[in-house]
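This is what each chain is made of:
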Amino acid sequence: MAKKLLLLGGTAEARALAAAVPSGVHVISSLAGRVSRPNLPEGEVRVGGFGGARGLADYLRTERIDAVVDATHPFAASISANVADAAAETGIPLLSLRRPGWEQSEADDWHWVGSVSEAATLTDRLAERALLTTGRGGLAEFADSRAWLLIRCVDPPEPPLPANHQLLLDRGPYTVDGELTLLRTHRIQLVVTKDSGGSYTAAKLHAAREFGIPVVVIARPEPPKGPLVEHVEDAIDWLSRGIGAE
Ligand code: NAP
């Protein structure tokens, strides 16, 4: 009988893994249900929260899940903490898949901060016009910003929003040429981003370097405890060794 894998997703890596699980593994991808038109992975998909760590542990038992891969976004810290607790409680093997963070080159003018709130403070100090790509969550931190902000996110954000802003509803992947055009058109002086890592949204960093403007980078929360890999191939290996085809 096929082994059941719960794959916590919402990332390009999770979609790549769902499409490449070893034979003998039945994957159920889980999405939070945050975006209105999600990029759906191959195979079975469930949508919505579990009801905290306890709800997730119940789900793992009820669905007779054999293993879990947490391939959520590096900044999705609550679900990662919940799944670590649920896996510990049920004894079900858990692997975290976290893409590597972005690496700064000598040509980059990056300013690292520890939170969205610090990013908001620094934005006002560094620029009058900024491109904000930190997602819908945490925009309230920019509500009192003096800068004009071009806010790019997938779905419309909830108020409170900064007084001076323009919304740009869009999703990656982006190209360097496209990002350069955006920076020029809006006379952007600063890019604000989380250290999401990966190639999907990295073009803005190359564009900022080429355009000669600084970037405020929000550092990642601590990675979850336990086994962790950075690449989809390593997650496939883990599955093959652990619960893959007999
Ligand atoms: P979060 O703060 O860690 O999670 C908040 C709650 O949302 C969790 O407690 C859980 O609810 C539910 N949840 C989160 N991910 C889930 C999943 N994959 N399946 C089912 N329920 C999930 O997460 P977040 O930062 O809001 O991110 C939500 C989703 O968007 C994640 O799947 C993540 O991969 C994706 N995403 C996040 C970002 C980002 O910057 N944070 C960027 C791109 C994509 P319950 O407690 O009820 O189970």
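The structure under discussion appears in the preceding block.
Note that residues are indexed from 1 along each chain, following the sequence as it is written. Where local features are concerned, this predicted model is filtered to residues with pLDDT of at least 70; where side-chain atom pairs are given and counted, the filter is 80 or more; whole-chain, interface and lining totals use all residues. For the side-chain quantities, the full set of heavy atoms in the structure was used; hydrogens and water were omitted.

Q: Explanation requested: the site of the ligand in the structure shown.
A: Near, as used in this document, describes a residue that has one of its heavy atoms within 4 Å of the molecule or strand being considered. The immediate surroundings of the ligand are formed by 22 residues, with G9, S30, F50, H73 and K194 found nearest. Side-chain polar atom of R34 to an oxygen atom of the ligand: 2.9 Å apart, as the coordinates give it. Pairs of N or O atoms within 3.5 Å make up the polar contacts considered here, provided that, within protein, one atom can donate a hydrogen while the other can accept it, and that residues adjacent in sequence are counted only when both atoms are side-chain atoms. At 2.9 Å, a backbone N or O of I79 approaches an oxygen atom of the ligand. Only the protein chains shown count as cover for residues, with accessible areas throughout obtained via the Shrake-Rupley method and a probe of 1.4 Å. Contact with the protein chains removes 75% of the 800 Å² of surface that the ligand exposes when unbound. For the shell around the ligand, the secondary-structure elements that each account for two or more residues are β2 (25-31) and α3 (77-90). Helix and strand definitions follow DSSP, with helices as H or I runs of at least four residues and strands as E runs of at least two, each counted in order from the N terminus. Element by element, the count of residues in the shell around the ligand is highest for α3, at four residues.

Q: How should I be thinking about the nonpolar core in this particular structure?
A: As a rule of thumb, nonpolar side chains are buried together in soluble globular proteins. Membership of the largest hydrophobic core comes to 20 residues, with the highest contact counts inside it found for L5, L7, L17, V69, L97 and L239. Pairs of residues are marked as contacts when any of their non-hydrogen atoms sit within 4.5 Å. Contact partners of L7, with chain neighbours within four places excluded, come to A14, L17, A18, V27, I28, S29, S30, V69 and A71. The criterion is simple. A nonpolar core is a set of buried Ala, Val, Leu, Ile, Met, Phe, Trp, Tyr and Cys residues joined through side-chain atoms within 4.5 Å. Classification of residues uses two cut-offs on accessible area relative to the type maximum, computed with a 1.4 Å probe and protein chains only: under 20% is buried, over 50% is exposed, and between them is partly exposed.

Q: Got a minute to help me understand the sheet that holds strand β7 (residues 129-132) in this structure?
A: Remark on secondary structure: sheet strands pair via backbone hydrogen bonds, oriented parallel or antiparallel. Each pair of strands is called paired provided DSSP finds at least two bridges between the two strands. Strand order in the open sheet formed by six strands is β6-β11-β10-β7-β8-β9, with parallel pairing between adjacent strands. Edge positions in the open sheet fall to β6 (110-113) and β9 (165-169), since each of these has one partner strand only. Neighbour to neighbour, the strand axes of the sheet diverge by 20° on average, direction disregarded. Alignment of β6 against strand β11 (residues 215-218), held across four bridges, turns out to be parallel. Interaxial angles span 0 to 180 degrees and are taken between N-to-C directions of axes, which are lines fitted to C-alpha atoms, for helices over the stretch in contact.

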